[in-house]
Amino acid sequence: MEKRFIGNSGLEATVYALGTMPLGGGSGWGQEDEQQGIETIHAALDLGINILDTAESYNNGRAEEIVGKALEGRRDKVIIATKISPQNTEPATLRAHCEASLKRLRTDYIDLYQVHWPIRDHSVADALATMEQLQTEGKIRAIGVSNHGVQDLQEVLATGAPIVSNQMHYNLLSRAIEAEIVPLCQQHGIDIIAYMPLLQGLLVGLYDRPEQVPPFRARTRHFKPERSEASRHGQPGAEEEVFAALRQIRAIADDLGVPMVGVALAWVAAKPFICNVLVGSRKPQQLVANIQAALEAEKVFTPDTVAELDRVTEEVRLKLGNNPDYWQSGEASRSR
Ligand SMILES: NC(=O)c1ccc[n+]([C@@H]2O[C@H](COP(=O)([O-])OP(=O)(O)OC[C@H]3O[C@@H](n4cnc5c(N)ncnc54)[C@H](OP(=O)(O)O)[C@@H]3O)[C@@H](O)[C@H]2O)c1
C-alpha cells in the first residue's frame, strides 16, 4: 500500500488509515463488541495499514483503550494519531489529558497529536506552546489540527507552531475545503487527512432515497432538517443534488467494473493534497472488502476518472458552499 509523509513530520503513513470513532459503542453507534474492535484493528494492520486515528472523546476514551489493547506487542509498527478536545487545551489541563491518552493507549508517545476542533475559549498560543513542549519532551512526535477553517488556521499559524496536518471532512459529496482551506494548507506545507470518506455509508451506495437514510446519519447539511431530530444546521439541504450525484457515481463505478465504495475511497486518495484517507469500519470483513475495492479502483482510475467524478459532484459542492462544518452553519459553524 502506498505511503505518504504527513507534512514535514517525518511520519510516513499508508494512504489508507483506520478511523476508530465507533469503537467502544456510544450514542448513535449502539452496542460495540470490544473483541470485534480489536479484530478490526488487527485486520487493518494485516492489510498493511500503519496508521490509526482515534480521539480522547470517542466514547469517553473507550476507543483509545481498545486501540491500546489491540496494539500490545505491535505498537512500534504503527502511527497513532489521536485528538484532544479544544476545551481541554489550557496548558495544565492539556498536559493531564495527554498523559491520560498515553495511559489509555498503553504507550509513552503519541505520533500525531491533533486539536480536534478550533479553540475558542482560551489562548491558542498557550495551548500550542504546551504542545510544542510536549513534543520537545518526546511525548508527542508531531502536532496537527482538525476542522480548522481559514481564520482558525491563520490563528494557529501565527503562533509559529509546526503544524503538519489538518484533519477535515472530505468526500465526493463534501468538498467545502477545496476552495479556500486546501490552498492555504498547501501554501504552508500542511497536509489534509480526510475523514468520513464514505459519508457514513452513503457513498457505499446503500441508499437510493433520503427517506432510507437512518436519522443519525442524516444530520449533515446534505439533508433536510426534518430527516433527523438531532439535525442542527437549519439549512434546506441538497437532497436532490446528492441523490442525482450518487446515481452518476454508481454509473461511473459500474462502467469501471469496481464497487462504488472503492471509487469513493480512491477519489479521495487521488487528490494531491491528501495524505491519508480515514476509512471508518468496525467490522473486519467490511474493512478488508473496502480496502480491496479501493486498491482495485486505483488500478483503473485515470485523471479523466477523477475529473468526471469532480464534474458529477459539482452541483452538490456549489449548493453546500465552503463551510467545512457539515453539522452546523452560519454563526454556529464551529470552523471559521
Ligand atoms: N476530526 C473529526 O472531527 C472527525 C469526525 C468524524 C470522523 N473522524 C474520523 O474519521 C473516521 C472515519 O469516519 P466515518 O467512520 O464516519 O467514515 P466513513 O468511512 O464515511 O463511514 C464509515 C461507516 O460507513 C459504513 N460502511 C462502510 N463501508 C460499508 C460497506 N461496505 N457496507 C455498508 N456500510 C458500510 C459503516 O457503518 P456501520 O459501522 O454502521 O456498518 C462504517 O462505520 C472516524 O473513525 C474518525 O477516526 C474524525
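Here's a quick rundown of the structure. For clarity, every value in this text was computed on a predicted model and none was experimentally measured.

1. Topic: the site of the ligand
Here comes step 1: Every one of the 27 residues lining the ligand counts as a neighbour, but D53, R217, R282, K283 and N290 are closest to it.
Here comes step 2: At a separation of 2.9 Å, an oxygen atom of the ligand approaches a polar side-chain atom of N147.
Here comes step 3: Separating an oxygen atom of the ligand from a side-chain N or O atom of R217 is a distance of 2.7 Å.
Here comes step 4: Here the ligand loses 91% of its free accessible area of 900 Å² to cover by the protein chains.
Here comes step 5: When contributions to the shell around the ligand are tallied by element, the ones reaching two or more residues are β10 (274–280) and α9 (284–300).

2. A short note on the pattern of salt bridges
Here comes step 1: Evaluated as defined, the whole model comprises 25 salt bridges.
Here comes step 2: In this structure, E34 engages K69 in a salt bridge whose closest nitrogen and oxygen atoms are separated by 2.6 Å. Within this pair, whereas E34 is found in helix α1 (residues 34–46), its partner K69 is found in helix α2 (residues 62–70), the two being separated by 35 residues in sequence.
Here comes step 3: Where R74 meets D46, a salt bridge forms, and the shortest distance between an N and an O atom there is 3.1 Å. Here R74, found in the loop between α2 and β5 (79–84), pairs with D46, found in helix α1; they are 28 residues apart in sequence, far enough to count as distant.
Here comes step 4: Salt bridges sharing partners connect three or more residues here, namely E34, R62, E65 and K69.

3. Observations regarding the sheet that holds β5
Here comes step 1: As summarised here, the arrangement of the eight strands in space is β3-β4-β5-β6-β7-β8-β9-β10, forming a closed barrel in which the pairing is parallel. Within this sheet the neighbouring strands show an average axis-to-axis angle of 30°, counted without direction.
Here comes step 2: Bridge analysis of β5 against strand β6 (residues 110–115) gives four bridges, and the strand direction is parallel. Looking at β6, one finds that T82 is bridged to Y113.
Here comes step 3: Against the sheet, helix α8 (residues 260–270) contacts β3 (16–19), β9 (191–195) and β10, and its axis sits at roughly 155° relative to β10.

4. Considerations on the packing of α8 against helix α10 (residues 303–312)
Here comes step 1: Contact geometry of α8 with α10 gives a least axis separation of 10 Å together with a crossing angle of 105°. The angle between α8 and α10 places the two elements in the roughly perpendicular class. Where α8 abuts α10, its residues V263, W267 and A270 lie against V306, L309 and D310.

5. Section: the packing of α1 against α2
Here comes step 1: Two elements in contact, α1 and α2, have axes whose closest approach is 9 Å; the angle formed by their N-to-C orientations is 60°. Comparing their axes, α2 and α1 come out oblique. Read as a crossing pair, α1 and α2 show a hand that is right-handed. Of the residues in α2, those touching α1 at E34, G37, I38, I41 and H42 are R62, I66, V67, K69 and A70.
Here comes step 2: When its residues are assigned to classes, the contact of α1 with α2 shows five nonpolar, two polar and three charged.

6. Some points on α1
Here comes step 1: The end-to-end C-alpha distance of α1, which contains 13 residues, comes to 18 Å, matching closely the 18 Å that a straight helix rising 1.5 Å per residue would cover.
Here comes step 2: What α1 keeps buried is the set G37, I38, T40, I41, A43, A44 and L45.
Here comes step 3: Where the residues of α1 are buried, they touch β3, β4 (51–53), α2 and α9.
Here comes step 4: In the segment just after α1, G48 is the residue with positive phi, at about 100°.

7. Digging into the environment of E56
Here comes step 1: Tracing the chain through its elements places E56 in the loop between β4 and α2.
Here comes step 2: In this structure, E56 is in contact with G61, E64, T82, K83, I84, S85, N88, H97, S101 and R104, ignoring residues within four places of it in sequence.
Here comes step 3: Only 2.7 Å separates the side chain of E56 from the side chain of N88, close enough to count as a polar contact.

8. Focus on the pairing of β6
Two faces, one strand: in a regular strand the side chains alternate between the faces of the sheet.
Here comes step 1: In terms of residue burial, β6 counts as a mostly covered element, since six of its six residues are buried.
Here comes step 2: You can see the chain leave β5, run along helix α3 (residues 91–105) and come back into β6, and the turn it takes is right-handed.
Here comes step 3: Sheet topology places β6 next to strand β7 (residues 140–146); five bridges connect them, and they run parallel. In the strand pairing of β7, V115 is matched with V145.
Here comes step 4: Running through helix α4 (residues 124–136), the crossover from β6 to the neighbouring parallel element β7 is right-handed.

9. With respect to α8
Here comes step 1: Among the eleven residues in α8, ten count as buried, and that is most of the element.
Here comes step 2: Among all positions in α8, only M260, V261, G262, V263, A264, L265, A266, W267, V268 and A269 are buried.

10. Some thoughts on the pairing of β9
Here comes step 1: With respect to burial, β9 is a largely interior element, five of its five residues being buried.
Here comes step 2: Alternating positions in β9 separate into two faces, D191, I193 and Y195 on one and I192 and A194 on the other, with burial throughout.
Here comes step 3: Relative to β9, strand β8 (residues 163–169) runs parallel, the two sharing five bridges. Bridged to M168 within β9 is A194.
Here comes step 4: Handedness of the crossover is the feature at issue here: the chain leaves β8, passes through helix α6 (residues 181–187), returns alongside β9, and the resulting connection is right-handed.
Here comes step 5: Of the strand pairs in this sheet, β9 and β10 are connected by three bridges, and their pairing is parallel. Its bridge partner lying in β10, I193 is registered against N276.

About the criteria used
Residues numbered from 1 in each chain as written. Predicted model: local features only at pLDDT ≥ 70, side-chain atom pairs only at ≥ 80, totals over all residues. Heavy atoms only, no water. Near = heavy atom within 4 Å. Polar contact = N/O pair within 3.5 Å; in protein donor to acceptor, adjacent residues only side chain to side chain. Areas by Shrake-Rupley, 256 points an atom, 1.4 Å probe, with all protein chains shown as cover. Helix = DSSP H or I, 4+ residues; strand = E, 2+ residues; numbered from the N terminus. Salt bridge = Lys/Arg side-chain N within 4 Å of Asp/Glu carboxyl O. Pairing = 2+ DSSP bridges. Axes fitted to C-alpha atoms, helices over the stretch in contact; angles between N-to-C directions. Contact = heavy atoms within 4.5 Å. Parallel < 35°, antiparallel > 145°, perpendicular 65-115°, else oblique. Left-handed = near helix turned anticlockwise from the far one by under 90°. Nonpolar A, V, L, I, M, F, W, Y, C, P; charged D, E, K, R; others polar. Expected span 1.5 Å × (residues − 1). Buried < 20%, exposed > 50% of the residue type's maximum accessible area, 1.4 Å probe, protein only. Right-handed = clockwise from strand over helix to strand, strands pointing away.

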